[in-house]
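# Understanding the architecture of this molecule
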Amino acid sequence: MSKLISAYAKRIQYKAKVYSRFTLDSLFPKQQQKIIDAFHKLFYDSNIIGKTWNDSYFLGTGIQKCPLDLFIYQEILFDVKPDIIIETGTKFGGSAHYLAVLCDALKKGEIITVDITPEKNMPKHKRIKYLVGSSIDSEILKTIKGRIKKGNKVLVILDSDHSKDHVLKELKIYNKFVTKGSYMIVEDSNVNGHPVNKEHGPGPMEAIEAFMKEEGKKQFVIDKSREKFYVTFNPNGYLKKTA
């Protein structure tokens, strides 16, 4: 009995310390953000030496994503249950395969993934449709539109050319495919100093800002609840369609 009481007291003590720390963090949020940013930079920059997201695989296929974001993706897919997922930027095909396996679990969904130069030996899956070409090419867009049926729920993930101009073009085009209640996810908005890779130049974050000042503000909200794990490669990039 005394051991149980002692264990319970230690747990209460531990919780009190945690609550105190979070109270201090709320009073000094900049200090907490410094810690988060430091880890974010460590994790992100380690790819240069072949670690972290440059050494990540899904069922044997490279997948260059933050695992915390991948967990958020499965939560979004469960909530939305999309019929069509459009992905720009295929690379190795790992993320398309990951999404396809999640769709298997949900028993619905098709992935349309687009890349100018996809890698060889892409994973094969009945739910994946690979398209080769620019994400903003008229023929590619015509093909995508042709695969979307009336009443389909559509989710979009933008992960191709990360320059501001290209991402903004994608946002202006692909937002029209996204259905109400679903998402348009803009990846790698952490570059150009948000907080990583300051040398990148204007990129996804700047494109998001421009889009949300214009047509985006009437149709989308930035869903910060999808950044609940502190570190995300897509800050301000989870755009939920509300109208």
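Calculation criteria
Residues numbered from 1 in each chain as written. Predicted model: local features only at pLDDT ≥ 70, side-chain atom pairs only at ≥ 80, totals over all residues. Heavy atoms only, no water. Helix = DSSP H or I, 4+ residues; strand = E, 2+ residues; numbered from the N terminus. Buried < 20%, exposed > 50% of the residue type's maximum accessible area, 1.4 Å probe, protein only. Polar contact = N/O pair within 3.5 Å; in protein donor to acceptor, adjacent residues only side chain to side chain. Arc of directions from axis to C-beta. Contact = heavy atoms within 4.5 Å. Axes fitted to C-alpha atoms, helices over the stretch in contact; angles between N-to-C directions. Parallel < 35°, antiparallel > 145°, perpendicular 65-115°, else oblique. Left-handed = near helix turned anticlockwise from the far one by under 90°. Core = buried A, V, L, I, M, F, W, Y, C linked by side-chain atoms within 4.5 Å. pLDDT = per-residue confidence, 0-100. Phe/Tyr/Trp six-rings, centres within 6.5 Å; stacked < 30°, edge-to-face > 60°. Lys NZ or Arg CZ within 6 Å of the ring centre and 35° of its normal. Salt bridge = Lys/Arg side-chain N within 4 Å of Asp/Glu carboxyl O. Pairing = 2+ DSSP bridges.

Right, let's talk about the side chain of Asn 152 for a bit. Following the sequence through the fold, Asn 152 ends up in the loop between α5 (138-147) and β6 (154-158). With a relative accessible area of 17%, Asn 152 lands in the buried category. Looking at Asn 152, its side chain comes within polar contact range of the main-chain nitrogen of Lys 149, at 2.8 Å.

Once that is clear, we can look at α5. The periodicity of an α-helix, 3.6 residues per turn, causes residues three or four places apart in sequence to face the same way. Every buried residue of α5 is listed here: Ile 140, Leu 141 and Ile 144. Seen from one end, α5 has its buried residues packed into an arc of 95 degrees, which puts them on one side. In α5, those exposed residues whose orientation departs by more than 90 degrees from the buried face are Ser 138, Glu 139, Lys 142, Lys 145 and Gly 146. The inward-facing, buried residues of α5 contact β3 (84-88), β4 (110-115), β5 (128-132) and α6 (164-174). N-capping of α5 is provided by Asp 137, with a side-chain oxygen placed 2.9 Å from the backbone N of Glu 139.

Our focus in this paragraph is the packing of α6 against helix α7 (residues 204-213). Two elements in contact, α6 and α7, have axes separated by 8 Å at closest approach and are oriented at 45 degrees. Comparing their axes, α7 and α6 come out oblique. Note that α6 runs across α7; the crossing there is right-handed. From α6, Lys 164, Val 167, Leu 168, Leu 171 and Lys 172 reach across to α7, where they touch Pro 204, Glu 206, Ala 207, Ile 208, Ala 210 and Phe 211.

Attention now moves to the nonpolar core. Of all hydrophobic cores here, the largest spans 26 residues; its most connected members are Ile 144, Val 156, Leu 171, Tyr 174, Met 184 and Leu 239. Once residues within four sequence positions are removed from consideration, Met 184 is found in contact with Val 156, Leu 158, Leu 171, Tyr 174, Asn 175, Val 178, Phe 211, Phe 220, Gly 237, Tyr 238 and Leu 239. Residues Phe 58, Tyr 73, Ile 76 and Cys 103 belong to the second largest nonpolar core, which totals 22 residues.

So, on to the confidence of the model for the chain. When pLDDT is low, close inspection of the predicted coordinates is not appropriate. Looking at the chain, pLDDT values average 96 and 100% of them are 70 or higher. The least confident element of the chain is helix α1 (residues 2-27), whose mean pLDDT is 84; the most confident is β6, at 99.

Evaluated as defined, the whole model comprises 10 aromatic pairs. Between Phe 58 and Tyr 98, the ring centres sit 5.3 Å apart and the planes meet at 90 degrees, which makes this aromatic pair edge-to-face. In this pair, Phe 58 sits in strand β1 (residues 57-58) while Tyr 98 sits in helix α4 (residues 94-106), placing the two residues 40 residues apart along the sequence. Site record: aromatic cluster; members linked through ring pairs are Phe 39, Phe 43, Tyr 44, Trp 53 and Phe 233. If you follow Lys 81 out to its NZ or CZ, it ends over the ring of Phe 78, 3.9 Å from the centre.

This brings us to unusual backbone geometry. Negative phi values dominate among residues other than glycine, just as trans dominates among peptide bonds. Here the bond from His 194 into Pro 195 is cis, since omega is 5 degrees, no more than 30 degrees from zero. Residue position: Pro 195 is located in the loop between β7 (183-186) and α7. Although it is not a glycine, Asn 197 sits at a positive phi angle of roughly 45 degrees. Residues other than glycine seldom take positive phi values, yet Tyr 230 does so here, at roughly 75 degrees. Looking at where Tyr 230 falls in the secondary structure, it is placed in the loop between β8 (220-222) and β9 (238-241).

Bringing the pattern of salt bridges into the picture now. On inspection of all chains with the given rule, the structure shows 13 salt bridges. For Asp 104, the salt bridge is made with Arg 127, and the minimal N-O distance between the two is 2.6 Å. Residue Asp 104 is found in helix α4, and its partner Arg 127 is found in the loop between β4 and β5; the two are separated by 23 residues along the sequence. Using a relative accessible area of 30% as the deciding quantity, one classes Asp 104 as partly exposed.

Of note, Met 212 is situated in helix α7. A relative accessible area of 16% places Met 212 in the buried class. Once residues within four sequence positions are removed from consideration, Met 212 is found in contact with Lys 217, Phe 220, Val 221, Ile 222 and Leu 239.

This brings us to the sheet that holds β6. With respect to topology, 7 strands assemble into an open sheet ordered β5-β4-β3-β6-β7-β9-β8, the strand pairing being mixed. Two strands lie at the open edges of the sheet, namely β5 and β8, each paired on one side alone. Between one strand axis and the next, the sheet turns through 20 degrees on average, direction left out of account. Of the strand pairs in this sheet, β6 and β7 are connected by 3 bridges, and their pairing is parallel. Looking at the pairing, Ile 157 lines up with Ile 185 of β7. The strands touched by α4 are β3, β4, β5 and β6; relative to β4, the strand with the most contacts, the crossing angle is about 175 degrees. Each of β7, β8 and β9 touches α7; the most contacted strand, β8, lies at about 135 degrees to it.

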